[in-house]
Structures are given as C-alpha cells and as structure tokens.
Amino acid sequence: MTSSDQQPNWQARMPGEQWVMLDSPDTAEAYLNTYADSSAVIQREPFPNPEQLYARVRFPGQFSQHHIYISPRENP
C-alpha cells in the first residue's frame, strides 16, 4: 500500500543539489519557467510515478542537478 505521506529520500541528496517539493504540476511548470533564460536542461519525468519526481534540472559542466517533486494529494 502506498502512503499518502510518501516523500523523497532527502538523505540521498548530493551536495549542491536543490530538491523542491511543490503542490501541483501547474506550480512545477511555473517554477521550471524560471529557468528559461539559463542554460539549464530540463528533463521531465513520466508523471505520476512512485517517487513523485516531476522533473530534473541539469546544468552544463555540473554533476549536481535539481529535482522537482510534486507533493501527493491528501485524501479527505
């Protein structure tokens, strides 16, 4: 059974990586638009997925990457 409080494994984050938890794909797209003027490469993941990973943001010449997650919705 999948828990509604499923979270990314925050301890797996590498130094220099930024992991962001957002509330919806629309919010994630608005956030990803902030990278439009940079040389970042955005790799969207098939969503939904068990990890709740929406996208990875990679930067030329850097090993670290940013992860964008979507918080699972609460069931009323």
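Residues numbered from 1 in each chain as written. Predicted model: local features only at pLDDT ≥ 70, side-chain atom pairs only at ≥ 80, totals over all residues. Heavy atoms only, no water.

### Some details on the nonpolar core
1) Next: One finds Val20, Leu22, Ala28, Leu32, Tyr35, Ala40, Tyr54, Ala55, Val57, Phe59, Ile68 and Ile70 forming the largest nonpolar core, which totals twelve residues.
2) Next: Of all the secondary-structure elements, those providing two or more residues to this core are β1 (19-22), α1 (25-32), β3 (53-58) and β4 (65-70).
3) Next: Top element by residues in this core is β3. It accounts for three residues.
4) Next: Leave out the neighbours within four places in its chain, and Val20 touches Tyr31, His67, Ile68 and Tyr69. (Core = buried A, V, L, I, M, F, W, Y, C linked by side-chain atoms within 4.5 Å. Buried < 20%, exposed > 50% of the residue type's maximum accessible area, 1.4 Å probe, protein only. Helix = DSSP H or I, 4+ residues; strand = E, 2+ residues; numbered from the N terminus. Contact = heavy atoms within 4.5 Å.)

### A closer look at the environment of Pro60
1) Next: Take Pro60: it is sitting in the loop between β3 and β4.
2) Next: By relative accessible area, which is 53% here, Pro60 ends up exposed.
3) Next: Taking the C-alpha atoms as reference, Pro60 lies 8.0 Å from Val41; in sequence the two are 19 residues apart.

### Considerations on the pattern of salt bridges
A pair can form between side chains of opposite charge whenever their charged atoms are brought close.
1) Next: Summed over the entire model, instances satisfying the criterion amount to two salt bridges.
2) Next: Residue Arg56 pairs with Glu45 through a salt bridge whose shortest N-O separation is 3.1 Å. Of the two residues, Arg56 sits in strand β3 while Glu45 sits in the loop between β2 (41-44) and β3, which places them eleven residues apart along the sequence. (Salt bridge = Lys/Arg side-chain N within 4 Å of Asp/Glu carboxyl O.)

### A closer look at the sheet that holds β3
1) Next: Taken in spatial order, the four strands line up as β1-β4-β3-β2 in an open sheet, and their pairing is mixed. Across the chains shown, the open sheet's two edge strands, defined by having one partner strand only, are β1 and β2. Going across the sheet, the axis of each strand differs from the next one's by a mean of 20°, ignoring polarity.
2) Next: Its contacts with the sheet place α1 against β1, β2, β3 and β4, and it is angled at close to 5° to β3. (Pairing = 2+ DSSP bridges. Axes fitted to C-alpha atoms, helices over the stretch in contact; angles between N-to-C directions.)

### Some details on the packing of aromatic side chains
1) Next: Applying the stated criterion across every chain, the model contains six aromatic pairs.
2) Next: Aromatic pair Trp19 and Tyr69: ring centres 5.5 Å apart, planes at 55°, arrangement tilted. Here the residue Trp19 occupies a position in strand β1, and Tyr69 occupies one in strand β4, the gap between them amounting to 50 residues.
3) Next: Overall, the relative accessible area of 11% leaves Trp19 in the buried class.
4) Next: For the pair Phe47 and Tyr54, a centre-to-centre distance of 5.6 Å together with 75° between the ring planes defines the contact as edge-to-face.
5) Next: Look at Tyr54 and you get buried, because its relative accessible area is 11%. (Phe/Tyr/Trp six-rings, centres within 6.5 Å; stacked < 30°, edge-to-face > 60°.)

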